[in-house]
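Remarks on the overall topology
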Amino acid sequence: MTEKNLPQTPQNWHAFTVDEVYKELQSAPDGLPVNEATSRKAVYGPNELMGEKKESALKLLLGQFMSLLMVILIIAAAISFQTGDVIEAISIIVIVILAGVLGFIQEFQAGKAIDALKKMASPHAHVIRNGEELDINAADLVPGDVFILKTGDKIPADGRLIDASNLRIEESSLTGESVVSNKTNQVITEANVQLGDRKNLVFMGTSVSYGRGRAIAVSTGMHTEFGKIATMLQNTENRKTPLQDNLDQLGKKIGIFAIALAALMSLFGVWRGEDLAKMFTWGVALAVAVIPEALPAVVTISLALGVRRMVKRKALVRKLPAVETLGATNVICSDKTGTLTQDAMTIREIFVDGETIAVSGGGYTPEGKFTHNGEPVNPAEQQSMMELLRSGSLCGDTILKRMGDGEWVIMGDPTEGAIVVAAKKAGMELEVLREEYPRIDEIPFSSETKRMTTVHMVRSRTEVYSKGAVEVLLNSSEFICDKGVTRPMTNEDIENVMSASLKMSEKALRTLAIAKRNYDPRKDTIASIETGMTFLGIVGMFDPPREEVKAAIQTCFDAGIKPIMITGDHKATAVAVAKELGIMKKGNALSGAELELMSDEEFEEAILKTVVFARISPGHKLKIVEALMDNGNIVAMTGDGVNDAPSLKKADIGIAMGITGTDVSKEASDMILTDDNFASIVNAIEEGRSIFENIRKYLVFLLSGNMGTVFALIFTMLADMPIPLNAVQILFINFIMDGLIAIALGVEPPEPGIMSRKPRTVKEGILNRDTLVYIGFVGGLIAFITCGVYVWGIFKKFPIDEAKTMFFYALIFARLFNGLNCRSLEQSIFKMKFMANKALILSALVTLLLSFAVIAVPDLQLAFSVKTLTTTAWAGLISASLLVMVIVEFWKMLIRTNTNQ
């Protein structure tokens with residue numbers, strides 16, 4: 001036995017007959033001999049999903065401190081220690097450690113997706129070897145093994161069905177199909193058959209929801225469909241978020257600029273005749289002040305507070321940078337079932353008596369009205385409809401139940417649940433019906449017959465009820481119910497029924513026919529009761545869209561975000577939902593089969609025009625996400641199944657479903673929706689945009705203030721004036737501004753109208769042209785005002801130490817007023833709610849208190865080299881500093897005016 005004896009490349013097993021599969025895999029109905037199975041395991045290895053080799057925890061931790069910004073901060077801390085500024089040094093080190101540990105935790109958690117995938121594999125397998133049934137460890141299963149399936153089993157490997165008796169498999173975690181898959185052992189000869197349509201195959205990790213069967217293992221371990229997903233997960237790299245990229249680049253630039261500037265100015269000071277040691281300390285302080293060492297803290301705090309707000313809005317973030325990524329998102333790829341829809345089959349139309357009756361209401365809440373051509377219908381007066389709903393409710397096993405919180409749920413098949421709910425809307429009570437019409441026999445549903453039939457006692461007689469495919473029940477019916485009267489069915493009746501069924505299908509409604517007949521025990525048998533029936537009518541059902549999603553979709557369009565539906569369901573159903581929600585205002589729909597027939601060039605062109613992808617496989621999802629990202633989009637991808645994990649990991653932000661999501665999808669995601677609702681994604685985007693804006697405001701405030709300080713110092717040095725700030729004063733201003741005020745700006749609540757803006761262009765960086773102009777303008781303004789106060793103090797013959805003190809406080813007040821201005825870079829500060837950001841008000845008060853303490857406490861006066869000021873000096877420097885707010889308000893007004901033109 002060698003590896004080349006068996007096929008190692010993917011085969012179209014669905015197109016093989018059972019005998020051909022036996023021959024190809026060198027197996028037989030009695031299974032493999034035990035020794036042969038042992039030999040094959042040695043060749044193919046255990047039937048397990050293999051994880052990739054992981055980096056050590058220590059290496060991951062150390063890697064967090066390798067960025068240039070981190071290195072510069074560590075050096076700055078060391079220099080601060082050397083120069084005696086212990087508090088500043090400790091603050092820097094604490095920030096560095098916190099940022100590094102946070103990054104380590106996030107990266108360490110990212111490797112758990114494959115571990116969760118492994119847990120979904122079956123631990124045991126019931127196999128046939130040498131004609132004997134054995135219960136073995138699933139890891140010992142090999143290609144060619146025959147294994148047995150029964151209700152509740154988790155499938156241990158990919159297999160070709162040998163036989164199937166009423167076998168239904170729950171495959172939604174793999175295929176995305178919203179309903180169970182009815183299985184058969186018949187050959188499927190069609191070309192280009194998608195995963196969800198391979199009805200004669202079963203797949204590892206899915207489960208048997210009903211029936212029994214036998215299958216022969218065709219793929220094990222990493223060769224299974226689950227294995228392919230595990231491989232894609234291993235080969236899919238996590239990309240840095242736009243914020244991480246921007247901050248890395250900005251940190252490098254600021255760090256290099258700060259060091260170069262500090263060195264240049266220190267050398268210039270020495271050239272002017274200043275003391276070398278003094279200028280070295282001064283230069284280090286200036287470099288530390290220019291470097292935004294509080295940036296990691298501000299980002300972390302902003303993201304953490306955003307996460308807290310998002311939890312209240314049904315979004316749980318697993319990785320903090322993902323919050324900001326949402327703010328840059330311009331494409332949302334969303335699953336259909338449960339996210340855009342209610343995941344609750346609902347009857348929308350009933351065809352009886354040659355007429356179509358509309359049914360309102362959604363989900364499993366039994367509230368709704370019946371109408372015909374817009375006019376109300378009293379169900380009690382519709383004898384044929386009541387008979388149809390009664391018969392359909394009895395021909396099933398599903399029950400409707402109200403939970404303690406008032407929510408209505410079904411226990412059983414969603415299709416049967418839709419009938420039960422409609423019957424309840426019409427005034428019927430299922431418990432009463434089943435007690436009044438007890439079931440005495442049944443013929444279960446099978447994929448071959450496409451119907452289910454039950455036999456009931458009806459007082460002194462017996463009746464048979466059947467539900468199934470329209471064409472099946474038409475073929476078995478000889479009569480039709482017409483306004484409560486049974487009469488022979490005519491060709492015209494058949495045409496009317498088929499026409500009604502077609503119209504429902506065109507609306508993407510799933511159709512189900514219901515029929516009945518009397519049962520005569522003297523001449524009827526179970527084998528004959530599904531003939532000579534009376535056709536009652538058709539129900540058309542649909543998984544209705546969530547009402548709140550419609551508004552969320554419109555918000556997406558207003559915000560410049562393109563919503564795309566990617567689903568495992570059929571194309572007609574997907575298109576109908578997309579049109580009802582407003583997703584498909586324009587654009588195309590593509591199925592997985594159509595996608596596979598396209599060349600790469602055709603697909604690249606189609607991806608820009610397509611808004612609905614239906615009948616999609618895991619590989620397709622990954623290809624779609626990659627293509628969208630390659631086109632420069634920031635892509636958010638939602639999903640709940642194992643099949644979604646690779647694309648969730650690949651996307652800029654992966655969003656898993658909290659209710660229906662598998663552990664695999666959650667571990668591969670960046671964010672989890674606790675209510676599985678698309679509207680919550682839009683709420684999260686609003687928070688993401690707000691957080692990014694707050695970080696941008698912080699940087700604008702910090703850099704404009706720092707530039708103001710630098711410009712002012714350069715001016716005084718070039719003017720051959722005494723240097724107005726010493727190292728301690730520079731570090732003090734750095735502490736109160738970069739710490740208190742900046743962090744407070746990071747918690748500013750979302751500005752009104754933030755979701756009416758287009759997504760930001762990631763390529764422009766966190767600081768775009770407008771913000772750079774703002775920084776330069778305001779920095780120059782602060783420098784002009786501060787130097788003006790300094791010159792005025794000297795001109796007024798104030799002692800030089802008092803003039804320096806005036807410069808010191810003018811700089812503090814000017815930067816403080818600038819902080820208030822930076823609450824919004826566009827809106828007037830006077831139009832914003834004063835108490836909306838209490839943290840900023842409190843920080844401003846603390847800043848003023850600390851600043852006045854420096855001049856009020858004699859020991860601090862000495863430490864900071866400041867002097868007591870006259871009332872005239874205070875009035876002059878405060879009035880001058882206030883000009884920052886006045887002039888910037890005028891600047892904003894000009895910007896708004898130009899923008900609105």
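Residues numbered from 1 in each chain as written. Predicted model: local features only at pLDDT ≥ 70, side-chain atom pairs only at ≥ 80, totals over all residues. Heavy atoms only, no water.

1. Looking at the side chain of T610
Short version of the rule: Secondary structure elements follow DSSP: runs of H or I of four or more residues count as helices, runs of E of two or more count as strands, with numbering from the N terminus. Categorising residues by exposure relies on relative accessible area from a 1.4 Å probe, with only protein chains included: less than 20% of the type maximum marks a residue as buried, more than 50% marks it as exposed, and the intermediate range marks it as partly exposed. Pairs of N or O atoms are called polar contacts if they sit within 3.5 Å, as long as, within protein, a hydrogen donor faces a hydrogen acceptor (for residues adjacent in sequence, only side-chain-to-side-chain pairs). Contacts: residue pairs with any heavy atoms within 4.5 Å of one another.
As for its position among the elements, T610 is in strand 25 (residues 610-614). A relative accessible area of 1% places T610 in the buried class. Polar contacts involving the side chain of T610 include one to the main-chain carbonyl oxygen of A606, which spans 2.7 Å. In contact with T610, other than residues within four places in its own chain, are K562, I564, N588, A589 and L590.

2. Side note on the pairing of strand 22 (residues 533-542)
We count it as follows: Pairing between strands is defined by DSSP: at least two bridges between the two strands are required.
Burial of strand 22 is extensive: ten of the ten residues sit out of reach of the surface. Of the strand pairs in this sheet, strand 10 (residues 346-352) and strand 22 are connected by five bridges, and their pairing is antiparallel. Bridging across to strand 22, T346 finds its partner in F542. In this structure, strand 19 (residues 477-482) lies alongside strand 22, joined through three bridges in parallel fashion.

3. With respect to unusual backbone geometry
Of note, Q26 is a non-glycine position whose phi angle comes to about 55°, a positive value. On the secondary structure map, Q26 appears in the loop between helix 1 (18-25) and helix 2 (34-44). On the accessibility criterion, Q26 (40% relative accessible area) is partly exposed. Backbone geometry at K483 places phi at a positive 55°, although glycine is not the residue there. Relative to the elements of secondary structure, K483 occurs in the loop between strand 19 and strand 20 (485-488).

4. Considering the packing of helix 28 (residues 800-821) against helix 29 (residues 838-856)
For the record, the criterion: Where helices are involved, their axes are fitted lines through C-alpha atoms of the stretch in contact, as for all axes, and angles between N-to-C directions lie from 0 to 180°. Our angle categories are set so that under 35 degrees counts as roughly parallel, over 145 as roughly antiparallel, 65 to 115 as roughly perpendicular, and the remainder as oblique. Residue polarity is assigned by list, with Asp, Glu, Lys and Arg as charged and Ala, Val, Leu, Ile, Met, Phe, Trp, Tyr, Cys and Pro as nonpolar; anything else, Gly included, falls into the polar class.
At a closest axis distance of 11 Å, the pairing of helix 28 and helix 29 adopts a crossing angle of 175°. By the criterion of interaxial angle, the relationship of helix 28 to helix 29 is roughly antiparallel. Contacts between helix 28 and helix 29 pair T805, F808, Y809, I812, F813, L816, G819 and L820 from the former with L840, A844, L848, S851, F852, V854 and I855 from the latter. Classifying every residue of the contact of helix 28 with helix 29 by side-chain character gives twelve nonpolar, three polar and no charged.

5. Here we look at the pattern of salt bridges
This is how the line gets drawn: Only one rule defines a salt bridge in this text: a Lys or Arg side-chain nitrogen within 4 Å of an Asp or Glu carboxyl oxygen.
Summed over the entire model, instances satisfying the criterion amount to 35 salt bridges. Here E416 and K467 are joined by a salt bridge, their closest N and O atoms 3.0 Å apart. You can see E416 sitting in helix 14 (residues 414-425) and its partner K467 sitting in strand 18 (residues 461-468), a full 51 residues away along the chain. Taking the relative accessible area as the measure of exposure, E416 reaches 10% and is therefore buried. The class of K467 is buried, set by a relative accessible area of 7%. Three or more residues joined by partner-sharing salt bridges are found here, namely E387, R390, R461, E463 and K516.

6. Observations regarding the nonpolar core
For the record, the criterion: Here the nonpolar core consists of buried residues drawn from Ala, Val, Leu, Ile, Met, Phe, Trp, Tyr and Cys, with membership extended through side-chain atoms lying within 4.5 Å.
Within the largest apolar cluster, 134 residues are counted, with the highest numbers of intra-cluster contacts made by M671 and F678. The dominant element in this core, judged by the number of residues it contributes, is helix 25 (residues 678-718), at 20 residues. If near-sequence neighbours (up to four positions away) are discounted, F678 is found in contact with I332, S334, T339, L340, V549, A552, I553, C556 and P563. Listed in part, the 32 residues of the second largest apolar core include L394, A418, M452 and Y465.

7. Quick word on the environment of A576
Summarising the element assignment, A576 is placed in helix 19 (residues 571-581). Exposure remark for A576: the relative accessible area of 17% places this residue in the buried category. Linking A576 and F542, residues 34 residues apart in sequence, is a C-alpha distance of 9.8 Å. Apart from residues lying up to four places away in sequence, A576 is in contact with K507, A508 and F542.

8. Let's talk about the packing of aromatic side chains
Using the following cut-off: The pairing test for Phe, Tyr and Trp rings, Trp by its six-membered ring, is centres within 6.5 Å, and the orientation test on the planes gives stacked under 30 degrees, edge-to-face over 60, and tilted for anything in between. Both a distance and an angle decide whether a charge sits over a ring: NZ of Lys or CZ of Arg must be within 6 Å of the ring centre and within 35 degrees of the ring normal.
Evaluated as defined, the whole model comprises ten aromatic pairs. With a centroid separation of 4.1 Å and an interplanar angle of 15°, the aromatic rings of F777 and W891 are classed as stacked. Pair noted here: F777 is in helix 27 (residues 769-795) and W891 is in helix 31 (residues 871-900), with a separation of 114 residues, a long-range link. Seen in terms of ring centroids, F852 and W874 are 5.5 Å apart; in terms of plane orientation they differ by 55°. Their pairing is tilted. In this pair, F852 sits in helix 29 while W874 sits in helix 31, placing the two residues 22 residues apart along the sequence. Its relative accessible area of 36% is what places F852 among the partly exposed residues. An aromatic cluster of three or more residues is present, and its members are F732, F808, Y809, F813, F852, F864 and W874. Taking the ring centre of Y437 as reference, the NZ or CZ of R390 above it sits at 4.6 Å.

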